[in-house]
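Residue strings, one per chain:
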Amino acid sequence: MTVIYAVKKWKKRSSSPYVFRILKSENLSPLKACKYAGDDEDGKWHGVIKDLKYAESHEWVKVDGNTATVGITDHAQDHLGDVVFVELPEVGATVSQGSGFGAVESVKATSDVYSPVSGNVVEVNEELNNSPGLVNSSPYEKGWIMKVEVKDASELDTLKNSDDYAKFCDEEDAKH
C-alpha cells in the first residue's frame, strides 16, 4: 500500500484566509497522486484530478472505453460535510445528462446528484450503502456512485476540464 501525505494551502471560508490541509491518499501510486491539480500559480488547492471531466453541478466523470464512472467532486463533498446516506440508482436504469439520478444526504443537507452523461446504469457502488463516508474520504476513488454505458460520447465535450472546473469553483466560492 502506498500512502502519500501532501500539505496544500487552501482558502478557507472563515476569518483566517488560508489553512494547511493534510491530504492522505491510500492505494494511489505517487504518479497518480500527482495528477491532483493543486498548487496552481495562485497557490490555491482545487481538489480536482486532471484527467477527469466535471459538471457545473459538481459531479465528475471518468471515461474508460464506453463506460463512465460518476461521483461527486471533492468540492461538493467538502461543502456538504459528513455524508450519512447515498441514494443509488437502479442497475439498468436510464439516465440523461443533467437529470437527477439520486441524492447525497449529509449532516448539513440533502443534495440531488445529476448525471453528467446519458446512458444506462451498468453498476452502482454498493459499498456506499454501508460506508457512505467514502464519498468524503475518497471522492475520486472509493466513493464513486455509478457506472454508465455512455450513449452519446459527444456529451463529454460539454463538460469542464480540471482547470475550468477549478476556476468555476473559485468563482462560485467568491460569491458566498
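Owing to the predicted nature of the structure, the values given are computational and were not obtained by experimental measurement.

Student: Can you explain the overall build of the protein chain? Please cite residues and give values.
Tutor: Along its length, the protein chain carries five helices and 13 strands. Looking at the protein chain as a whole, 43% of its 176 residues are labelled buried. The contacts of the protein chain with a sequence gap of at least 6 include a subset with a gap of at least 24, amounting to 58%. Approximately 9,500 Å² of the protein chain is accessible, and the part contributed by carbon and sulfur atoms is 48%.

Student: Describe the UniProt feature "modified residue: N6-lipoyllysine" (unreviewed entry) in the protein chain, with residues and values.
Tutor: Mapped onto the present numbering, the UniProt feature "modified residue: N6-lipoyllysine" (unreviewed entry) falls on Lys-108. Position of Lys-108 relative to the elements: it lies in the loop between strand S10 (100–106) and strand S11 (110–114). Excluding its chain neighbours within four sequence positions, the residues that come into contact with Lys-108 are Asp-78, His-79, Leu-80 and Gly-81.

Student: I'd like to hear about the sheet that holds strand S6 (residues 59–64), residue by residue, with values.
Tutor: One open sheet holds the six strands; their spatial order is S5-S6-S7-S13-S12-S9, and the pairing between them is antiparallel. The open sheet is flanked by strand S5 (53–54) and strand S9 (94–95), the only strands paired with a single partner. Both strand S12 (residues 119–124) and strand S13 (residues 146–150) contribute to a ladder of five bridges, which runs antiparallel. From the neighbouring strand, Val-124 faces S13, where its bridge partner is Met-146.

Student: Residue-level account of the pattern of salt bridges, with values.
Tutor: Using the criterion set out here, one finds two salt bridges in the structure. Close ionic contact of Lys-50 with Asp-163 constitutes a salt bridge, the shortest N to O distance being 4.0 Å. Of this pair, Lys-50 sits in the loop between strand S4 (48–49) and S5 while Asp-163 sits in helix H5 (residues 162–174), and the two are 113 residues apart along the sequence. The class of Lys-50 is partly exposed, set by a relative accessible area of 46%.

Student: How would you explain a nonpolar patch on the surface if you had to name every residue and give the values?
Tutor: A grouping of Val-84, Phe-85 and Val-107 is seen on the molecular surface, where their side chains present a nonpolar patch of about 290 Å² in accessible area. With respect to the element layout, Phe-85 can be found in strand S8 (residues 83–87). For Phe-85, a relative accessible area of 43% translates into the label partly exposed.

Student: How would you sum up the packing of aromatic side chains? Please name residues and give values.
Tutor: Within the structure shown, the criterion is met by three aromatic pairs. Every member of this aromatic cluster is reached through a ring pair, and the members are Tyr-54, Tyr-165 and Phe-168. Across the ring face of Trp-144, the terminal group of Lys-147 is positioned such that the distance to the ring centre comes to 5.0 Å.

Student: Now, about the confidence of the model for the protein chain: what can you tell me, with residues and values included?
Tutor: Confidence along the protein chain averages 80 in pLDDT terms, with 74% of residues attaining 70 or more. pLDDT under 50 marks residues 1–45. Its contacts with residues more than four places away, or in other chains, come to 85 contacts.

What counts and what doesn't
- Residues numbered from 1 in each chain as written.
- Predicted model: local features only at pLDDT ≥ 70, side-chain atom pairs only at ≥ 80, totals over all residues.
- Heavy atoms only, no water.
- Helix = DSSP H or I, 4+ residues; strand = E, 2+ residues; numbered from the N terminus.
- Buried < 20%, exposed > 50% of the residue type's maximum accessible area, 1.4 Å probe, protein only.
- Contact = heavy atoms within 4.5 Å.
- Areas by Shrake-Rupley, 256 points an atom, 1.4 Å probe, with all protein chains shown as cover.
- UniProt positions renumbered as here; feature names shortened; annotations may be inferred.
- Pairing = 2+ DSSP bridges.
- Salt bridge = Lys/Arg side-chain N within 4 Å of Asp/Glu carboxyl O.
- Patch = residues over 30% accessible without salt bridge, like charges linked within 9 Å, V, L, I, M, F, W, Y side chains within 5 Å.
- Phe/Tyr/Trp six-rings, centres within 6.5 Å; stacked < 30°, edge-to-face > 60°.
- Lys NZ or Arg CZ within 6 Å of the ring centre and 35° of its normal.
- pLDDT = per-residue confidence, 0-100.

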